[in-house]
Amino acid sequence: MILVPPYDLWCMGTIAKAWNELRAEVPDHVSLVAVSKTKPNEAVVEAYGAGARMFGENRVQELVGKHENLTHHDSGRTDEFEGLEWHQIGTLQRNKVKYIAPFVHLIHAVDQPSLLDEINKRAASHGRKQNVLLQVHIAEEQSKFGFASAELPQLLEQLDGDRWPNVEALGLMGMATFTSDEAQVAREFSGLRKDFDAHGRQRNWTTLSMGMSGDWRIAVAEGSTMVRIGSSIFGQR
Ligand SMILES: *Cc1c(COP(=O)(O)O)cnc(C)c1O
């Protein structure tokens with residue numbers, strides 16, 4: 001008979017090992033966001049212990065809960081998670097921005113001007129400047145969100161102006177089509193990299209967020225500076 005141990009025992013060591021192997025393989029200049037969505041606090045703790053500092057979540061409620069449990073509190077005694085950054089990686093609804101506005105380090109998937117209005121307003125109310133990435137639609141699937149590449153010039157003009165003073169755009173984010181056709185995935189990432197270069201050089205952009213467990217190697221080869229990896233670190237969801 002096989003006994004399945006509780007999650008924390010089951011995973012002891014495997015997450016840290018996966019993190020270490022991945023961190024060794026991903027080039028040093030590429031940031032590695034550990035996507036902990038659906039996984040318990042203990043999984044985050046283990047990855048943090050192995051050296052992970054950026055954690056990605058796609059549901060606001062889960063992000064807020066983990067932040068409350070695990071974040072470094074300056075005034076309190078729980079300083080063991082110093083340096084931990086929370087990243088909102090998935091589609092974000094406008095009415096949820098207020099819950100993450102006090103603390104979220106980077107919002108990856110900004111896909112509408114009205115979302116920027118809300119992020120700007122909430123960031124201002126906390127005296128913060130909110131880091132964001134603009135999501136660009138690069139996949140052939142209808143279901144993936146983001147701005148069209150052709151919409152960027154006008155949007156960036158507004159970002160350079162004074163419409164969103166409490167928003168700081170650091171770069172772009174995109175998700176490739178879910179396909180085994182690696183040439184297609186490479187083409188899509190390459191197109192995003194061209195947009196990043198075309199608009200980012202004069203703006204000193206730092207961050208091109210592209211690549212997940214299944215396609216990060218292709219993304220890095222095409223110039224990604226930040227990969228978002230879940231299942232290869234934490235196991236299947
Ligand atoms: C879940 C998710 C990831 C990570 O996916 P894996 O395939 O588990 O690595 C990356 N980016 C976004 C936007 C996600 O929602």
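The present account deals with the structure reproduced in this document. (Residues numbered from 1 in each chain as written. Predicted model: local features only at pLDDT ≥ 70, side-chain atom pairs only at ≥ 80, totals over all residues. Heavy atoms only, no water.)

## Things to note about the environment of Ala123
- With respect to the helices and strands, Ala123 occurs in helix H6 (residues 113–125).
- According to the relative accessible area criterion, Ala123 is buried, its value standing at 3%.
- With 38 residues separating them along the chain, Ala123 and Gly161 place their C-alpha atoms 17 Å apart.
- Residues in contact with Ala123, not counting those within four places in the same chain, are Arg128, Gln130 and Asn166. (Helix = DSSP H or I, 4+ residues; strand = E, 2+ residues; numbered from the N terminus. Buried < 20%, exposed > 50% of the residue type's maximum accessible area, 1.4 Å probe, protein only. Contact = heavy atoms within 4.5 Å.)

## Details of the nonpolar core
- Residues Phe55, Ile100, Val110, Leu134 and Leu172 are the most contacted members of the largest nonpolar core, which totals 60 residues.
- Top element by residues in this core is helix H8 (residues 182–200). It accounts for five residues.
- Sequence-distant contacts of Phe55, defined by excluding residues within four places in its chain, comprise Val33, Ala34, Ser36, Val44, Ala47, Tyr48, Leu84, Glu85, Trp86, His87 and Phe234.
- Within the second largest apolar cluster, eight residues are counted, among which are Met54, Leu106, Ala109 and Met173. (Core = buried A, V, L, I, M, F, W, Y, C linked by side-chain atoms within 4.5 Å.)

## Examining the packing of helix H2 (residues 14–25) against helix H3 (residues 41–50)
- Viewed as axis vectors pointing N to C, H2 and H3 meet at an angle of 45°, and their least axial separation amounts to 8 Å. As far as their axial angle goes, H3 and H2 are oblique. Note that H2 runs across H3; the crossing there is right-handed. Mapping the contact onto sequence places Thr14, Ile15, Ala16, Trp19 and Asn20 in H2 and Ala43, Glu46, Ala47 and Ala50 in H3.
- Along the lines of polarity and charge, the residues of the contact of H2 with H3 split into six nonpolar, two polar and one charged. (Axes fitted to C-alpha atoms, helices over the stretch in contact; angles between N-to-C directions. Parallel < 35°, antiparallel > 145°, perpendicular 65-115°, else oblique. Left-handed = near helix turned anticlockwise from the far one by under 90°. Nonpolar A, V, L, I, M, F, W, Y, C, P; charged D, E, K, R; others polar.)

## A word on unusual backbone geometry
- The phi dihedral of Thr38 is positive, around 70°, even though this residue is not glycine.
- The backbone of Asn204 sits at a positive phi, close to 55°, despite the residue not being glycine.
- Relative to the helices and strands, Asn204 is located in the loop between H8 and strand S7 (207–209).

## A few points about the pattern of salt bridges
- Taken as a whole, this structure holds 11 salt bridges when the rule is applied.
- Between Glu21 and Lys17 there is a salt bridge whose closest N-O contact spans 3.2 Å. Note that Glu21 and Lys17 are positioned in helix H2 at a spacing of four residues, about one turn of the helix.
- Assessed through its relative accessible area of 47%, Glu21 is described here as partly exposed. (Salt bridge = Lys/Arg side-chain N within 4 Å of Asp/Glu carboxyl O.)

## Quick word on the packing of aromatic side chains
- For the structure on display, the rule yields three aromatic pairs.
- Judged by centre distance (5.2 Å) and plane angle (75°), the ring pair of Tyr48 and Phe81 falls under edge-to-face. With Tyr48 in helix H3 and Phe81 in the loop between helix H4 (60–70) and strand S3 (85–88), this residue pair connects regions lying 33 residues apart in the sequence.
- Both rings, one in Phe55 and one in Trp86, keep their centres 5.9 Å apart while their planes meet at 50°; by these two values the pair is tilted. In this pair, Phe55 sits in strand S2 (residues 54–57) while Trp86 sits in strand S3, placing the two residues 31 residues apart along the sequence.
- Overall, Phe55 belongs to the buried group, its relative accessible area being 0%.
- Exposure remark for Trp86: the relative accessible area of 2% places this residue in the buried category.
- Its guanidinium or amino end placed over the ring of Tyr48, Arg53 lies 3.7 Å from that ring's centre, counting from NZ or CZ. (Phe/Tyr/Trp six-rings, centres within 6.5 Å; stacked < 30°, edge-to-face > 60°. Lys NZ or Arg CZ within 6 Å of the ring centre and 35° of its normal.)

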